[in-house]
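# Results of the structural survey
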Amino acid sequence: MTYTEPPTKARTGDDGHDGHDGQGSHDWFGGKRDRDRGDSHGSGHGYGEASAPSPHPVHEETMQLSALPPLPVHEETMQLRFLPPPPVEADPGFSFVEQPLPGWTLPPPAPMGWAADTGRRRRMVGLALLVVILLVQAALSLRLTNSAFEDEALYVYAGHVEIGHLFYGAPDYGGFDTYFSGAPVLYPVLAAAVDSVLGLAGVRALSLLFMLTATACLYGLTRRLFNERAGLCASALFAVSMPTLFLGHFATYDAMAVCLLALTAWLVVVIAPRHWLLAAPVGLVAALAVAVKYASALFLPTLVLLYVLAAYRHHHTRRALLRGAALSAATIGALLGGLAASGYLTAIQSTTTARAHGDTPAWQIVQDTGRWAGLLIAVSLVGSVTYARTARLAEIPGWRRAVPGRRWRTCLGVLLTGTALLAPAYQIHLQTETSLQKHIGFGLFFAAPMAGVGVTRLMGAHFKFPQWAIAIGVVALTLGLSQSAAYFGSWPDTRYLIPQLSYTVRPGQHWLGDPKEGPVYYLSRERRSNYQDWVSFFFIDYKTRDGRHLSGIPGYRAAVREGYFDGVVLNYSGGLPAPEEAVREEMRTSGLYRLTSSLPYRTSTGGGHFEIWVRQAAAGHGGGKD
């Protein structure tokens, strides 16, 4: 019997595809599958399963297709088709390179991606973040509370005395120009003017304004030397450090001096590419910083060298040195003129150049320096070393050879980081810790730019390792919060002492007190006492009834024995110093004084109490105090 070709439609299917795929292939092999299953209707016609007999006649040759042998099947039809294996995935690390799509390529990265002049949007974002840092700094400083410290009370009261002397011809009886560590006609006068309107809170707010200005100048300085990222990191570390938070709510001339030094440092970087004559007004600002606080002269060499390095980026060596000489000449000339007009040489010698030496061991000064400033100095060392080794990421734009040389980078790191060690080294020389917690803040300002570079280098490009910045920031914030609060609460709070004295002290009375400055400041506002009415336990020169002059403990004993003082305030904290103990014993044995009040207080280091002793009404007195 002859072989009959299946209908074309059965081979190709309704959709026109090849019969080996889809429904057509299923129908073609349907008859064979039915015969294999032993279907009782085995008369299938090859287009599906067996069904009822068709009412239409079917050709005989067509009905015998099922008896034919299986049709030959092409070899490709029976092979299994597998998808090609996926390509090997790239390493998920930082070397991952994305395959670009056809017709699309990745733009090359900007060579100055960290430059300081990359656009207005970047500058605005940096300024917005700086405002956030300043708000945090202000909040952390304003949280500190305590009554007036003796230095705060003394400087503000001295300002009132100077205002009376300068504008109203009142006698200048304090002799403040002989032992103040800054010109008494500058910060004390400004503080007294603010105190007359806003009180002590206003004077402390003035200090906060000075420290916020210093932080803003630090950001501008670091941004010009490096970039916005380093500037923000430097500002954040400086803003939460213990000296910054402490000075931001402490009414002394330290905050104003730091502000003027910061302003000078920022100005020398700004004027570096400009004319050398601009160094003259900047020198006046530097001289004003020294006049406000004499110890600021320790940082004048840093300012001059910073000006030379900044100018070298834009000029040759000779012109850079010329600018440094101009700044030095302007500063020294202004200082010599002010010294000749004021006569503050005695105070400068007694408080700065020829200050009395103490007995504090060097290891204790080093330990306290590391506790208060160790983290920022360590990070600045990291920044100095890494910056000296490589200038990658193009931190400094506009360099004539694309990046600064290694010697320039090394000099800048050594200069800024080394300045942080000047104050501790000088106090080790003097063997004293007096005001160390304040003087450290001067050097930390200069080390902060390199600390900002250190944080950015530890993070890497595009914040590759942000955990470094987070860890350093958390530790710095924790130390700043705890240390500033502890030191701001280290002196006794006189909130209970002053109201009690206001009921006891009368104008014209003579009082012996520890503390002396706090009662003088608060009671003078009520017109109840003044500076001349009080004697401290620091020094006395008492003239007895028979005309002898006694000082020290014998002078205090003689004054109490003769009933010279109308009242005595003692500060008992774990014991009394030798002069106070001698006075207390003399008051008990003489019978001329009685204890009227014992007022407890708490400090961050312990507790104690104030004792108020008042002279008996029948007791007379003779002699006097010179």
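Everything here concerns the structure above.
For the structure given in this document, a descriptive report is provided here. None of these values were measured; they are calculated from a predicted model.

## Some words on the overall build of the protein
Looking only at helices and strands, the protein features 24 helices and 8 strands. With 626 residues in all, the protein has 47% of them scored as buried. The contacts in the protein between residues at least 6 apart in sequence include a share of 73% that link residues at least 24 apart. When the accessible surface of the protein is summed, it comes to about 31700 Å², and 62% of that surface belongs to carbon and sulfur atoms.

## Quick notes on the environment of Leu-127
With respect to the helices, strands and loops of the structure, Leu-127 is situated in helix H6 (residues 120–142). A sequence separation of 101 residues divides Leu-127 from Glu-228, and the C-alpha atoms of the two residues are 9.0 Å apart.

## A short note on the sheet that holds strand S5 (residues 567–572)
Paired through their backbone hydrogen bonds, the strands of a sheet run either parallel or antiparallel. Read across the sheet, 5 strands follow the order S2-S1-S5-S7-S6 without closing on themselves; strand pairing throughout is mixed. Because the sheet does not close on itself, it has two edges, and the strands there are strand S2 (534–535) and strand S6 (593–603). Relative to S2, strand S1 (residues 511–513) is paired through 2 bridges, and the arrangement is parallel. By the bridge assignment, Trp-511 is partnered in S2 with Trp-534. In the packing of helix H24 (residues 578–590) onto the sheet, contacts are made with S1, S5, S6 and strand S7 (606–615), and the angle to S5 comes to roughly 130°.

## Describing the environment of Gly-383
Position of Gly-383 relative to the elements: it lies in helix H16 (residues 362–389). We classify Gly-383 as buried; its relative accessible area is 0%. C-alpha separation for the pair Gly-383 and Val-453, spaced 70 residues apart in sequence, amounts to 5.0 Å. For Gly-383, the contacting residues outside a window of four places in its chain are Met-450, Val-453 and Gly-454.

## Brief notes about the packing of helix H8 (residues 187–225) against helix H9 (residues 228–239)
Their axes nearest at 7 Å, the elements H8 and H9 cross at an angle of 155°. Classified by the angle between their axes, H8 and H9 sit roughly antiparallel to one another. For the crossing formed where H8 meets H9, the hand is right-handed. Contacts between H8 and H9 involve Met-211, Ala-214, Thr-215, Leu-218, Tyr-219, Thr-222 and Arg-223 on the former and, on the latter, Glu-228, Ala-230, Gly-231, Leu-232, Ala-234, Ser-235, Phe-238 and Ala-239. Of the residues that constitute the contact of H8 with H9, the class distribution is 9 nonpolar, 4 polar and 2 charged.

## Here we look at the pairing of S6
The pairing of S6 with S7 spans 10 bridges and is classified as antiparallel. Counted as the bridge partner of Tyr-601 is Gly-608 from S7.

## As for the packing of aromatic side chains
Summed over all chains, the structure comprises 27 aromatic pairs. Relative to Tyr-531, the ring of Tyr-157 has its centre 5.9 Å away and its plane inclined at 20°; by these criteria the two rings are stacked. Placement of the pair is Tyr-157 in helix H7 (residues 150–168) and Tyr-531 in the loop between helix H22 (517–525) and S2, with a sequence separation of 374 residues. Per residue, the accessibility class of Tyr-157 equals that of Tyr-531, and both read buried. Taking 5.3 Å as the distance between ring centres and 85° as the angle between the ring planes, the aromatic pair formed by Phe-226 and Tyr-387 counts as edge-to-face. Linking Phe-226 in the loop between H8 and H9 with Tyr-387 in helix H16, this pair joins segments that are 161 residues apart in sequence. When its relative accessible area of 0% is taken as the criterion, Phe-226 is described as buried. In this structure an aromatic cluster arises from ring pairing among Tyr-155, Tyr-157, Phe-176, Tyr-179, Phe-180, Tyr-187, Tyr-253 and Tyr-531. Note that Lys-516 overlies the ring of Tyr-531, its terminal NZ or CZ placed 4.0 Å from the centroid.

## Here we look at the pattern of salt bridges
Under the counting rule described, the total for this entry stands at 14 salt bridges. Measuring nitrogen to oxygen at the nearest pair gives 3.2 Å for the salt bridge that ties Asp-254 to Lys-438. With Asp-254 in helix H11 (residues 253–270) and Lys-438 in helix H19 (residues 436–459), the pair connects residues that are 184 residues apart, well separated along the chain. A single burial state applies to Asp-254 and to Lys-438, both of which are buried. Among the ionic pairs, Glu-586 bridges to Arg-557, the shortest N-O distance being 2.9 Å. With Glu-586 in helix H24 and Arg-557 in helix H23 (residues 552–561), the pair connects residues that are 29 residues apart, well separated along the chain. Given a relative accessible area of 23%, Arg-557 falls into the partly exposed group. Beyond isolated ion pairs, a larger network of salt bridges with shared partners links Arg-557, Arg-561, Glu-585 and Glu-586.

## Section: the packing of H9 against H19
Two elements in contact, H9 and H19, have axes separated by 7 Å at closest approach and are oriented at 130°. Relative to H19, the element H9 lies oblique. Crossing of H9 against H19: the hand is right-handed. Touching Arg-229, Ala-230, Cys-233, Ala-234, Leu-237 and Phe-238 of H9 are Gly-441, Leu-444, Phe-445, Ala-448, Pro-449, Ala-451, Gly-452, Val-453, Val-455, Thr-456 and Met-459, all from H19. Here the residues of the contact of H9 with H19 are counted per class, giving 13 nonpolar, 3 polar and 1 charged.

## Overview of the side chain of Glu-162
Along the chain, the position of Glu-162 falls in helix H7. It turns out Glu-162 is buried and unbridged, and the closest side chain with the opposite charge, Lys-516, is 14 Å from it.

## Here we look at the nonpolar core
With 117 residues, the main nonpolar core has Tyr-187, Leu-306 and Leu-501 as its most contacted residues. Ignoring any residue separated from it by four or fewer positions in sequence, one finds Leu-501 in contact with Trp-511, Pro-519, Leu-523, Trp-534, Val-569 and Ile-612. One finds Leu-512, Tyr-542, Ala-558 and Val-560 within the second-largest nonpolar core, a separate group that totals 19 residues.

## Description of the pairing of S7
Burial analysis of S7 places 8 of its 10 residues in the buried class, which makes it a mostly covered element. Note: S5 against S7, 6 bridges, orientation antiparallel. If you follow Asn-571 over to S7, its bridge partner there is Phe-610. Joining the antiparallel neighbours S6 and S7 is a turn of 2 residues.

## What about unusual backbone geometry?
Residue Pro-515 is reached from Asp-514 by a cis peptide bond, and omega for that bond is 10°. For Pro-515, the location among the structural elements is in the loop between S1 and H22. Backbone geometry places Gln-431, a non-glycine residue, at a positive phi of 55°. Structurally, Gln-431 is set in the loop between helix H18 (422–430) and H19. A relative accessible area of 38% places Gln-431 in the partly exposed class. For Ser-435, which is not glycine, the phi dihedral falls at a positive 65°. What makes Ser-435 buried here is its relative accessible area of 17%.

Conventions and cut-offs
- Residues numbered from 1 in each chain as written.
- Predicted model: local features only at pLDDT ≥ 70, side-chain atom pairs only at ≥ 80, totals over all residues.
- Heavy atoms only, no water.
- Helix = DSSP H or I, 4+ residues; strand = E, 2+ residues; numbered from the N terminus.
- Buried < 20%, exposed > 50% of the residue type's maximum accessible area, 1.4 Å probe, protein only.
- Contact = heavy atoms within 4.5 Å.
- Areas by Shrake-Rupley, 256 points an atom, 1.4 Å probe, with all protein chains shown as cover.
- Pairing = 2+ DSSP bridges.
- Axes fitted to C-alpha atoms, helices over the stretch in contact; angles between N-to-C directions.
- Parallel < 35°, antiparallel > 145°, perpendicular 65-115°, else oblique.
- Left-handed = near helix turned anticlockwise from the far one by under 90°.
- Nonpolar A, V, L, I, M, F, W, Y, C, P; charged D, E, K, R; others polar.
- Phe/Tyr/Trp six-rings, centres within 6.5 Å; stacked < 30°, edge-to-face > 60°.
- Lys NZ or Arg CZ within 6 Å of the ring centre and 35° of its normal.
- Salt bridge = Lys/Arg side-chain N within 4 Å of Asp/Glu carboxyl O.
- Lys, Arg positive; Asp, Glu negative; His and termini not counted.
- Core = buried A, V, L, I, M, F, W, Y, C linked by side-chain atoms within 4.5 Å.

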